[in-house]
Amino acid sequence: MMKIIIALSLIGLSSPVLAQQSSDSTRFERENTYTPLDFKEVLRRAHMTFDEPEGYKKTKIIPNEQQDYLYALKSPDKKVEVRYYIMPLDSMLAKYNRPREEGETMINPNNIHQTMLTVTMLNISMGALQGSPPDPSIFDSTAVQNEFGADWGATVAIPAGKQFGQDYKFILMVALHKDNLADAYLFYLTNESKEIEKHLMESFHSLRFQ
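Residues numbered from 1 in each chain as written. Predicted model: local features only at pLDDT ≥ 70, side-chain atom pairs only at ≥ 80, totals over all residues. Heavy atoms only, no water.

K.L.:
So what exactly am I meant to see when it comes to the overall build of the protein chain here?
P.N.:
On a plain count of helices and strands, the protein chain comes out with six helices and 11 strands. Among the 210 residues that make up the protein chain, the fraction classed as buried is 48%. Within the protein chain, contacts between residues at least 6 apart in sequence are counted, and of these 63% link residues at least 24 apart. When the accessible surface of the protein chain is summed, it comes to about 10900 Å², and 48% of that surface belongs to carbon and sulfur atoms. (Helix = DSSP H or I, 4+ residues; strand = E, 2+ residues; numbered from the N terminus. Buried < 20%, exposed > 50% of the residue type's maximum accessible area, 1.4 Å probe, protein only. Contact = heavy atoms within 4.5 Å. Areas by Shrake-Rupley, 256 points an atom, 1.4 Å probe, with all protein chains shown as cover.)

Listed below in structure tokens is the structure:
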């Protein structure tokens, strides 16, 4: 079985980059209506399973204006925090498939995952990233299907913005997409990049599409 291999390159930088939404006629609708208490319901809607890594402890959700997340865990030594966000596509697909007004254009929700990866990357690193965001490493299609039941996946390492990262300096972001089901994200936060390498595999496969 082909395995996903991740090369980490975490570099702290220092200048803001802002993600701006296009004002053209294409409509993109995204749900941001969930609270941490909805994690199990969102998993159900996304047809995903969650296996909580052994020894990890649930930690509080920190409200912020840059990126919602639904659940968070800390490693046993408290040096790495893993945050989870899942965006089911069912509501967006229903809107996409409904009759539309003349001239109205909508993006197929199955085609937004790469754009959302970039937008999310910019949001969570806002105030800490200098220049253009780094290119993500795209997972092998066979490996991401075997290991996550996903159609697409990627990872990228970035400095942590103050609002989302709080006291953390670095983030490793893992993104997964399954057509017609959901986009899902894992955020690994730490103050020492070597700690992510140490703890990564403990929770790397904690989310999987059924």
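Still more ground to cover, so stick around.
K.L.:
Quick question: what am I supposed to make of the pattern of salt bridges here?
P.N.:
Any two side chains of opposite charge can pair, so long as their charged atoms come close to each other. One pass over the full model with this rule turns up nine salt bridges. With a closest N to O distance of 3.9 Å, E195 and K79 form a salt bridge. Pair noted here: E195 is in helix α6 (residues 193-203) and K79 is in the loop between β4 (71-74) and β5 (80-88), with a separation of 116 residues, a long-range link. (Salt bridge = Lys/Arg side-chain N within 4 Å of Asp/Glu carboxyl O.)

K.L.:
Before we go on, may I ask you to explain the environment of L189 in this structure?
P.N.:
By the secondary structure assignment, L189 is in strand β10 (residues 182-190). L189 gets classed as buried once you look at its relative accessible area, which sits at 0%. Spatially, the C-alpha atoms of L189 and I158 are 10.0 Å apart, while their sequence positions differ by 31 residues. Those residues in contact with L189, other than ones at most four positions away along the chain, are K79, V80, E81, R83, F164, G165, Y168, F170 and I171.

K.L.:
Please clarify how the sheet that holds β4 should be interpreted in this entry.
P.N.:
Note on sheets: strands pair through backbone hydrogen bonds, and any given pair is parallel or antiparallel. Pairing in this open sheet of seven strands is antiparallel, and the strands run β3-β4-β5-β10-β9-β8-β7 from one edge to the other. Edge positions in the open sheet fall to β3 (57-58) and β7 (137-138), since each of these has one partner strand only. Relative to strand β8 (residues 152-159), β7 runs antiparallel, the two sharing two bridges. Bridged to I138 within β8 is A154. Contacting β5, β9 (170-178) and β10, α6 crosses the sheet at an angle of about 140° to β10. (Pairing = 2+ DSSP bridges. Axes fitted to C-alpha atoms, helices over the stretch in contact; angles between N-to-C directions.)

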